[in-house]
Amino acid sequence: MPVIKSYMAKPGEVAQEWWVVDASDCVVGRLASEIAMVLMGKHRPTYTPHVDTGDCVVVVNVEKLVLTGRKWEQKRYTWYTGYPGLSSETAGERRDRHPDRILRDAVRRMLPKNKLARRMLAKLKIYTGPDHPHQAQQPQEMKTLSRRGS
């Protein structure tokens with residue numbers, strides 16, 4: 001009886017590609033799930049859970065992201081500063097101050113909770129305008145299904 005072996009990728013064996021995503025009119029959660037899949041490498045047939053087989057993702061126009069419903073006023077982000085009490089702000093306030101943190105937190109929470117996820121998140125580059133400094137890597141356009149109205 002022939003033995004069928006499973007393929008397991010080894011570190012440094014998989015070549016990383018670069019993708020660029022235009023976040024204009026994209027819903028935050030839907031876009032974050034697509035980006036998390038690419039960062040983890042689940043879009044490849046050589047996905048291996050214990051090896052970083054994902055690609056690098058560059059996101060532009062992140063200030064034009066969309067939240068559905070009344071989340072800009074109702075959704076709250078809380079954090080602990082080390083002093084008594086919690087600090088919090090609405091999604092609209094966070095968009096005005098740090099629009100990149102909305103998408104980065106959404107993607108971070110969709111990645112596995114381990115040390116490998118920190119390396120995956122480091123491959124996510126987020127920019128508020130339409131320009132980015134990663135033209136030398138020749139990023140490919142990533143088609144997203146998360147556009148509003150499509």
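Coordinates for the structure precede this section.
Residues numbered from 1 in each chain as written. Predicted model: local features only at pLDDT ≥ 70, side-chain atom pairs only at ≥ 80, totals over all residues. Heavy atoms only, no water.

Student: For this particular structure, what's the right way to read the pattern of salt bridges?
Tutor: When charged atoms on two side chains of opposite charge get close, those side chains can pair. With the rule as written, the count across this model stands at seven salt bridges. R94 is the salt-bridge partner of E89, the closest N and O atoms lying 2.8 Å from each other. You'll find E89 and R94 in the same group, each marked buried. For D105, the salt bridge is made with R108, and the minimal N-O distance between the two is 3.8 Å. (Salt bridge = Lys/Arg side-chain N within 4 Å of Asp/Glu carboxyl O. Buried < 20%, exposed > 50% of the residue type's maximum accessible area, 1.4 Å probe, protein only.)

Student: Help me understand the nonpolar core in this model?
Tutor: Most often, soluble globular proteins have nonpolar side chains that are buried together. By size, the foremost hydrophobic cluster in this structure holds 32 residues, and its most contacted members are I35, V59, L103, V107, L111 and L124. When residues of this core are traced back to their parent elements, those giving at least two are β1 (18-22), α1 (28-40), β2 (56-60), α4 (99-108), α5 (115-121) and β5 (124-126). The contact partners of L103, leaving out residues within four places of it in the chain, are V28, L31, A32, I35, V59, V62, L65 and I126. W18, C56, V58 and V60 belong to the second-largest nonpolar core, a separate cluster that totals five residues. (Core = buried A, V, L, I, M, F, W, Y, C linked by side-chain atoms within 4.5 Å. Helix = DSSP H or I, 4+ residues; strand = E, 2+ residues; numbered from the N terminus. Contact = heavy atoms within 4.5 Å.)

Student: Which parts of the structure should I look at to understand the sheet that holds strand β6 (residues 140-141)?
Tutor: Within a sheet, adjacent strands bond to each other through the backbone by hydrogen bonds, running parallel or antiparallel. Within the open sheet, the four strands sit side by side as β5-β2-β1-β6. Their pairing is parallel. Only two strands of the sheet have a single neighbouring strand rather than two, namely β5 and β6. Across three bridges, β2 lies against β5 in parallel orientation. When the sheet's bridge partners are listed, V59 is paired in β5 with I126. Across the sheet, α1 is in contact with β1, β2 and β5; its angle to β2 comes to roughly 155 degrees. Sheet strands in contact with α4 are β2 and β5, and its direction is about 160 degrees off that of β5. (Pairing = 2+ DSSP bridges. Axes fitted to C-alpha atoms, helices over the stretch in contact; angles between N-to-C directions.)

Student: Looking at this structure, how should I read the environment of M120?
Tutor: Mapped onto the elements, M120 comes out in helix α5. For M120 and V57, which are 63 residues apart along the polypeptide, the C-alpha to C-alpha distance reads 10.0 Å. Among all residues touching M120, those that are not within four sequence positions of it are L39, M40, D52, L111 and P112.

Student: For this particular structure, what's the right way to read unusual backbone geometry?
Tutor: Note: most peptide bonds trans; most residues except glycine with negative phi. Although it is not a glycine, N61 adopts a positive phi angle of roughly 60 degrees. With respect to the helices, strands and loops of the structure, N61 is situated in the loop between β2 and α2 (71-74). The exposure class of N61 is buried, given its relative accessible area of 8%. For Q138, which is not glycine, the phi dihedral falls at a positive 50 degrees. Examined against the element boundaries, Q138 turns out to sit in the loop between β5 and β6.

Student: What is the right way to read the pairing of β1 from this model?
Tutor: Side chains on a regular strand alternate between the two faces of the sheet. With four of five residues buried, β1 lies mostly within the body of the structure. Looking at chain direction, β1 and β2 are connected through five bridges and run parallel. Residue D22 lies in a different strand from β2, and its bridge partner there is V60. Handedness of the crossover joining β1 and β2 through α1: right-handed. Two strands pair when backbone bridges link them, and β1 and β6 are joined in this way by two bridges, in the parallel orientation. Directly across from V20, in β6, lies its bridge partner E141. (Right-handed = clockwise from strand over helix to strand, strands pointing away.)

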